[in-house]
Amino acid sequence: MIDNIGIIAVGGYNEMGRNMTAVKIGDDAIILDMGLRLDMVQIHEDVEIEEIHSLELIKMGAIPDDTILKEISGCVRAIACTHGHLDHIGAIPKLAHRYNVPIVATPYTAELIKHGIESERKFKVQNRVISIPQGGTYRVTEEITLEFIRVQHSIIDAVFIAIHTPKGIVLYANDFKLDRTPTIGKPPDLPRLKEIGEEGVIAMIVESTNSGITGKTPSEQIAKDLVRDTLLGSGEIERGTVITTFSSHISRINAIIEVAKEMDRVPILLGRAMERYVKTAENMGYISFPGNIEIYGRRNMVDRALKRIVKDGKERYLLIVTGHQGEPGAALTRIVSGETPYTIEAGDRVIFSANTIPNPMPRANRYALETKLQMQGARIYKDVHVSGHASREDHWELLRLINPENVIPAHGNIAMHSNYVEMAESAGYTLGETVHIIRNGEEITLE
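These numbers come from a predicted model, not from an experiment. (Residues numbered from 1 in each chain as written. Predicted model: local features only at pLDDT ≥ 70, side-chain atom pairs only at ≥ 80, totals over all residues. Heavy atoms only, no water.)

**Considering the overall build of the protein**
At step 1: The number of helices and strands found in the protein is 13 helices and 19 strands.
At step 2: Expected size for 447 residues packed as a compact globule is a radius of gyration near 22 Å; at 22 Å, the protein falls within 12% of this value.
At step 3: Dimensions along the principal axes, computed over C-alpha positions, put the protein at roughly 70 × 45 × 35 Å.
At step 4: Taking all contacts inside the protein whose residues are at least 6 apart in sequence as the whole, residues at least 24 apart take part in 75%.
At step 5: For the protein, the accessible surface area stands at approximately 17,500 Å², while carbon and sulfur atoms represent 46% of it.
At step 6: Taking the average place of the 49 positive charges on the side chains of the protein and the average place of its 60 negative ones, the gap between the two points comes to 6 Å. (Helix = DSSP H or I, 4+ residues; strand = E, 2+ residues; numbered from the N terminus. Rg over C-alpha atoms; globule rule 2.2 N^0.38 Å. Contact = heavy atoms within 4.5 Å. Areas by Shrake-Rupley, 256 points an atom, 1.4 Å probe, with all protein chains shown as cover. Lys, Arg positive; Asp, Glu negative; His and termini not counted. Charge placed at Lys NZ, Arg CZ, Asp CG, Glu CD.)

**Structural notes on unusual backbone geometry**
At step 1: Here the amide bond leading from N174 into D175 is cis, since omega sits at 10°, within 30 degrees of zero.
At step 2: Its location among the elements puts D175 in the loop between β10 (168-173) and α5 (190-199).
At step 3: Even without being a glycine, D157 presents a positive backbone phi close to 70°.
At step 4: Position of D157 among the secondary structure elements: in the loop between β8 (145-150) and β9 (159-165).
At step 5: You can call D157 buried: its relative accessible area is 10%.
At step 6: A positive phi angle, close to 50°, is found at N403, a residue other than glycine. (Buried < 20%, exposed > 50% of the residue type's maximum accessible area, 1.4 Å probe, protein only.)

**With respect to helix α8 (residues 272-283)**
At step 1: Between the first and last C-alpha of α8 there are 16 Å, a value that for twelve residues agrees with the 16 Å anticipated at 1.5 Å per step.
At step 2: Along α8, the positions that sit buried rather than exposed are A273, M274, R276, Y277, V278, T280 and A281.
At step 3: After α8 finishes, the residue G285 shows a positive phi value of roughly 85°. (Expected span 1.5 Å × (residues − 1).)

**Here we look at the environment of L269**
At step 1: The residue L269 is located in strand β13 (residues 266-270) in this model.
At step 2: Residue classification places L269 among the buried residues on the basis of a relative accessible area of 0%.
At step 3: For the pair L269 and I253, spaced 16 residues apart in sequence, the C-alpha to C-alpha distance is 9.1 Å.
At step 4: Those residues in contact with L269 that sit more than four places away from it in its chain are I253, I257, M274, V278, I293, E294, I295, Y296 and I320.

**A short note on the environment of I205**
At step 1: With respect to the helices, strands and loops of the structure, I205 is situated in strand β11 (residues 201-207).
At step 2: Through-space distance from the C-alpha of I205 to that of V170 is 7.7 Å; in sequence the pair is 35 residues apart.
At step 3: In this view, I205 contacts I7, Y13, T21, V23, V170, L171, Y172, A173, I408 and A410; residues no more than four positions away in its chain are not counted.

**What about the sheet that holds strand β5 (residues 103-105)?**
The pairing of strands in a sheet comes from backbone hydrogen bonds and takes either a parallel or an antiparallel form.
At step 1: Strand order in the open sheet formed by seven strands is β6-β5-β4-β3-β2-β1-β19, and the pairing between neighbours is mixed. The strands lining the two open edges of the sheet, one partner per strand, are β6 (129-131) and β19 (443-446). Neighbour to neighbour, the strand axes of the sheet diverge by 20° on average, direction disregarded.
At step 2: With three bridges connecting them, β5 and β6 associate as parallel partners. Counted as the bridge partner of I103 is V129 from β6. (Pairing = 2+ DSSP bridges. Axes fitted to C-alpha atoms, helices over the stretch in contact; angles between N-to-C directions.)

**Some points on the packing of aromatic side chains**
At step 1: Going through the model one piece at a time under the given rule, you end up with two aromatic pairs.
At step 2: Taken together, a centroid distance of 5.7 Å and an interplanar angle of 70° make the contact between Y108 and Y286 edge-to-face. Here Y286 lies in the loop between α8 and β14 (294-296) and Y108 lies in helix α4 (residues 107-119), a separation of 178 residues in the sequence.
At step 3: With relative accessibility at 0%, the residue Y108 sits in the buried group.
At step 4: Between F160 and F176, the aromatic rings sit 5.2 Å apart at their centres with planes inclined by 80°, giving edge-to-face as the arrangement. Here F160 is found in strand β9, whereas its partner F176 is found in the loop between β10 and α5, with 16 residues between them in sequence.
At step 5: Note on F160: relative accessible area 0%, which makes it buried.
At step 6: Residue placement shows R366 over the ring face of F352; its charged tip is 4.0 Å from the ring centre. (Phe/Tyr/Trp six-rings, centres within 6.5 Å; stacked < 30°, edge-to-face > 60°. Lys NZ or Arg CZ within 6 Å of the ring centre and 35° of its normal.)

**With respect to the side chain of D394**
At step 1: Relative to the elements of secondary structure, D394 occurs in helix α12 (residues 392-402).
At step 2: Here K216 takes part through its side chain, which lies 2.9 Å from a polar atom of the side chain of D394.
At step 3: At 2.9 Å, the side chain of D394 forms a polar contact with the backbone nitrogen of T217.
At step 4: Not counting chain neighbours up to four residues away, the residues in contact with D394 comprise L178, G215, K216 and T217. (Polar contact = N/O pair within 3.5 Å; in protein donor to acceptor, adjacent residues only side chain to side chain.)

**Considering the packing of α12 against helix α13 (residues 414-426)**
At step 1: It is the contact of α12 with α13, at a shortest axis distance of 10 Å, that shows an interaxial angle of 50°. When the interaxial angle is binned, α12 and α13 end up oblique. Viewed along their axes, α12 and α13 form a crossing whose handedness is right-handed. On the side of α12, the interface is formed by R392, H395, W396 and L399, while α13 contributes N419, Y420, E422, M423, A424 and S426.
At step 2: Here the residues of the contact of α12 with α13 are counted per class, giving five nonpolar, three polar and two charged. (Parallel < 35°, antiparallel > 145°, perpendicular 65-115°, else oblique. Left-handed = near helix turned anticlockwise from the far one by under 90°. Nonpolar A, V, L, I, M, F, W, Y, C, P; charged D, E, K, R; others polar.)

**As for the side chain of N406**
At step 1: Note on placement: N406 falls in the loop between α12 and β18 (407-410).
At step 2: You can call N406 buried: its relative accessible area is 10%.
At step 3: Engagement of the side chain of N406 in a polar contact is seen with the backbone oxygen of I202, the distance being 3.0 Å.

Written out as structure tokens, the structure reads:
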């Protein structure tokens, strides 16, 4: 008999990153996401924490403090993940072994999870990883079923997770954008989301990251056009050109590679994370690259390729590199710091097809990187990008589509939650009654 449903905020409710939520359904529980807070380890996307103990990472605030789940750990029936970004799956190698349950994710996300588990050196993670496609379902118990609903984000194969229970549906909407013209994959499954709303959603847990930004987040098609216009439109065809973006943003990388052909340049992808995300996507058939593409991950291979590029002529190549946040050890950071055979010269173009992550460490790293680039005479193109997160009117549309009884903002700091609450109140919700702010370590019970 299920009397109530509990929502436990484990991580990601005080900050951006280390996302983790537990949903209690009677005597059972489902864990949703298990992420890393990237700026607390001073890096982004290319994380090397395999040798660090989980307790140390918890202490430094890099992964969720799941010790608050000790009382219900034996009740956990599954770990389900929305997508493959490290702030949603990066803590799995450190924490998943504490729960003798399967990890359920879409195919691309599942492969990234497996890679993380294989790289882990401190813990032996033996959880079974189960691949469920967008639109698929997974039966957890006689009374609980997980449904993966297709959405768009800045990584392929992202989903909302609907937890079907006898008391109603709990919808975990973390992260998304309502992109009706994506460049890879299909648009969000809005008809199914409408059906979910009609079936009855007792609670929606939803990201709040860009809920304070007016308007609607532009489609990835817009970013594709921006990238093309920037790369083709400067006229400096004989100069070196370097572009940096999120290694996991397969749609964006694919768009850049398509422009490389128009530029008559060889696309070369550099960086460990770039190699991991892109090769996984290609091997699984999500994308198909031209025959002249080159991808190098290991540092010695990256430096060898850069030495050859300098010898052959910078103008023959388009470099697609890690380092858009100025993170230590990334390819662009090393180039700018003079640690590679490739140097930035006056007039060379450096394009940032990524925003700055709104946390202090990335902002500081990015500022230092841009300052060095300016000193070296680079032509800098910033914000050739559109976000992967929903803006205010996207949130309004989703809220009206789902009409949940309760809504809980997640994935953000208190300012982001407050922005969401303000928007929800304009849609008829009441703070403390139907829209709830909770913090890491807290639980809300829905009768």
